[in-house]
Every structure is written in structure tokens, then in C-alpha cells.
Amino acid sequence: MDFSKHGIFVERTLALVKPDAINKADEIETIILKHGFTVLEKRRITLTAEQCSDFYSEHYGKKFFPSLVAFMTSAPVVAMVLAKENAIQQWRDLIGPTNSNVAKETHPDSSIRALFGTNEQKNAVHGSDSAVSAEREIRFFFPNCVVEPIPTGPPATDYLEQNVNKTLIKALTALCKEKPKDPVVWLADKLMEINPYKPKLSLTVTAPSTNNE
Ligand SMILES: Nc1ncnc2c1ncn2[C@@H]1O[C@H](COP(=O)(O)OP(=O)(O)OP(=O)(O)O)[C@@H](O)[C@H]1O
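Numbers given to residues run from 1 along each chain, matching the order in which its sequence is written. Local features are withheld for residues below a pLDDT of 70 in this predicted model, meaning they are given only at 70 or higher, and side-chain atom pairs are given and counted only at 80 or more; totals for whole chains, interfaces and linings count all residues. The side-chain figures draw on all heavy atoms in the structure; neither hydrogens nor water molecules are used.

> Honestly, the sheet that holds strand 2 (residues 38-45) in this entry has me stumped. Any pointers?
Two orientations exist for strands paired in a sheet by backbone hydrogen bonds: parallel and antiparallel. The criterion for strand pairing is that DSSP finds at least two bridges linking the strands in question. By the criteria applied, helices consist of DSSP H or I runs no shorter than four residues and strands consist of E runs no shorter than two, each listed in order from the N terminus. Sheet architecture is open: four strands sit in the order 2-3-1-4, paired in antiparallel fashion. Either end of the sheet is taken by a strand with one partner, and the two such strands are strand 2 and strand 4 (125-127). Neighbour-to-neighbour, the strand axes of the sheet open up by a mean angle of 20°, direction not taken into account. Of the pairings in the sheet, the one linking strand 1 (residues 12-17) to strand 4 comprises three bridges and is antiparallel in character. The residue of strand 4 that forms the bridge with valine 17 is valine 125. Sitting on the sheet, helix 7 (residues 131-141) touches strand 1, strand 2, strand 3 (77-83) and strand 4, and the angle it makes with strand 1 is about 55°. Whenever a helix is involved, its axis is fitted only over the stretch in contact; in every case the axis is a line through C-alpha atoms, and angles between N-to-C directions fall within 0 to 180 degrees. Note on definitions: a residue-residue contact is assigned when non-hydrogen atoms from the two residues lie within 4.5 Å.

And the structure:
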């Protein structure tokens, strides 16, 4: 199915505020929001050397790898899942060139690396560079995050029609009749009670085996 045709795919990317800019994380988040990104997930974490080596495995063996690991594990990072149309490229554009000194020359006022970075290594932020990296990196920091498109429009309508509406209408009708004090909890309980997909308990009782059999 072509999700983009229905206008329902909102691209996601991984942003990291690196250790050198950890005290500027709030300022950086404000810039992110001002540029129209939605922050779907956020966590602060101090990476171990092993996690960092795994995250930057593509650079394993390069001359700067040991100092990159030392830098990235020197203080916490803030990891965020950002959503926006064309989020991967938009976030890469907003952070600017890898080397903060280059960023200061080419994008002095408009790039996060020019504003908050220092040099080629201490460059304040990270951004996924492709859809494949974004998926891997989002799962790295947020294993439970849904990365694939969430359907809306006709596919969502069909799904709800087939699997949800009948049960939901039944529960909502009962809710209106009952008018409970805590309608949300009541509705949740009712849905659990009448859920046609709930696992059925087997009525077959097996006699416990005895050792002398
Ligand atoms: N020559 C270098 N010397 C020191 N550190 C470097 C060098 N090149 C890259 N790095 C560090 O390794 C990180 C990963 O490098 P990469 O080439 O993937 O750049 P990037 O994609 O712009 O950065 P990131 O992956 O962090 O978004 C850089 O952000 C920087 O912190």
C-alpha cells in the first residue's frame, strides 16, 4: 500500500543532544519545536562504551573512533524521536555540517552545530542520515517505539470497521445507560469484559498425574 498517497506517513528521525551540549538540551529542544518538529519520544541516558561502539559501529577502525567513544560516554546524551514531513533531511539541514567550525562559516546563524558545537567531534547533535539508519537508531534508543507508518484514512476506517466498531459501540451504549462515576475506567473494564478476541479459558480439566502411575 502506498501510504504517502493518503498523506498519512509522517517521517521520523533520531536526534541526539551530545555530551558537549547536554546543558543546552532545553534550548535545542525549543529550536526543534520552533522548526515544526514533534518530539514523539525523549530520554536522557549515559551511554556505556559498548553501547556507543554499537551505535557508531560504522566508524569502527577509524582513527577518531576511540576518542569518539570517550567523548560520547563522558556525560549523558538526550535522545529524541522527531516527527515531521521529510524529517530526516529537515533535521540534517537544521543541524548543519559535521564539523562545527565549517558550520560556523557556512551556516553561522541557522545551524545548531554552529550555535552549540565546537569542532569536528564536539558538534553538539546527531541526526540519522537515511531511513534505514533512522529505523535502526530509533529502535536502539526506543525499542518499543512504532517506526512503521500508522495508517489513517480508508485503511484505518476499514480496520476499525472490521475489528473495533461493533464492540466499541456496544460498550459506549452500555456506558450511556449506566452513567458511571468514572466513565473511562468503566469503559475500559467493559471493553475487557466483552472483547470478542480475549483468550478463552479451556473447560477441560486434566487430572493431575501421580508419581505411582
Ligand atoms: N575526523 C573526525 N575527528 C573526530 N571526530 C569525528 C571525525 N569525523 C566524525 N567525527 C565524529 O563522529 C561522528 C560521526 O561521524 P559522521 O561522519 O557519521 O558525521 P555525521 O553523520 O555528521 O554525525 P552524526 O552521525 O553524529 O550525526 C561525528 O558527528 C563526530 O562527532
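> Quick question: what am I supposed to make of the side chain of glutamate 29 here?
Its location among the elements puts glutamate 29 in helix 1 (residues 25-34). Excluding its chain neighbours within four sequence positions, the residues that come into contact with glutamate 29 are Val39, Lys42 and Met80.

> Hey, could you run me through the nonpolar core in this one?
Side chains of a nonpolar character, in soluble globular proteins, are inclined to be buried together. The term nonpolar core refers to a set of buried residues drawn from Ala, Val, Leu, Ile, Met, Phe, Trp, Tyr and Cys, joined through side-chain atoms within 4.5 Å. Buried residues are those whose accessible area, probed at 1.4 Å on protein chains only, stays under 20% of the maximum for their type, while exposed residues exceed 50% and partly exposed ones sit between those limits. In terms of nonpolar packing, the biggest core is built from 20 residues, with Leu16, Met72 and Phe141 touching the most fellow members. Counting only elements with at least two residues in this core, the list comes to strand 1, helix 2 (49-55), helix 3 (65-72), strand 3 and helix 7. The residues touching methionine 72, leaving out its near neighbours within four places in the chain, are Leu16, Lys18, Pro19, Leu47, Cys52, Tyr56 and Val77. Core analysis: the next-biggest nonpolar cluster, separate from the first, contains 19 residues, Ile22, Phe37, Val78 and Phe116 among them.

> Quick question: what am I supposed to make of the site of the ligand here?
Any residue with at least one heavy atom within 4 Å of a molecule or strand is counted as near it. In the vicinity of the ligand, 13 residues are found, and the nearest of them are Lys18, Tyr56, Thr98, Asn123 and His126. Lysine 18 is positioned with one of its side-chain polar atoms (N or O) 2.7 Å from an oxygen atom of the ligand. The term polar contact refers here to a pair of N or O atoms within 3.5 Å; inside protein, the definition further demands a hydrogen-donor-capable atom paired with an acceptor-capable atom, and it admits residues adjacent in sequence only when both atoms are side-chain atoms. In this structure, glycine 127 approaches the ligand through a main-chain N or O atom, which is 3.2 Å from an oxygen atom. What sets the accessible areas is the Shrake-Rupley method with a 1.4 Å probe; for residues, cover comes only from the shown protein chains. Taking 570 Å² as the accessible area of the ligand by itself, protein coverage stands at 82%. Residues belonging to the shell around the ligand are distributed by class as follows: three nonpolar, six polar and four charged. Just so you know the grouping, Ala, Val, Leu, Ile, Met, Phe, Trp, Tyr, Cys and Pro go in nonpolar, Asp, Glu, Lys and Arg go in charged, and all remaining residues, Gly too, go in polar.

> Before we go on, may I ask you to explain the domain arrangement of the protein chain in this structure?
One frequent convention defines the size of an interface as the accessible area lost when the parts assemble. Domain start and end points were adopted from an automatic or database domain assignment. In terms of domain boundaries, the protein chain breaks down into domain 1 (3-150) and domain 2 (164-194). Computed over C-alpha atoms, the centres of domain 1 and domain 2 are 43 Å apart.

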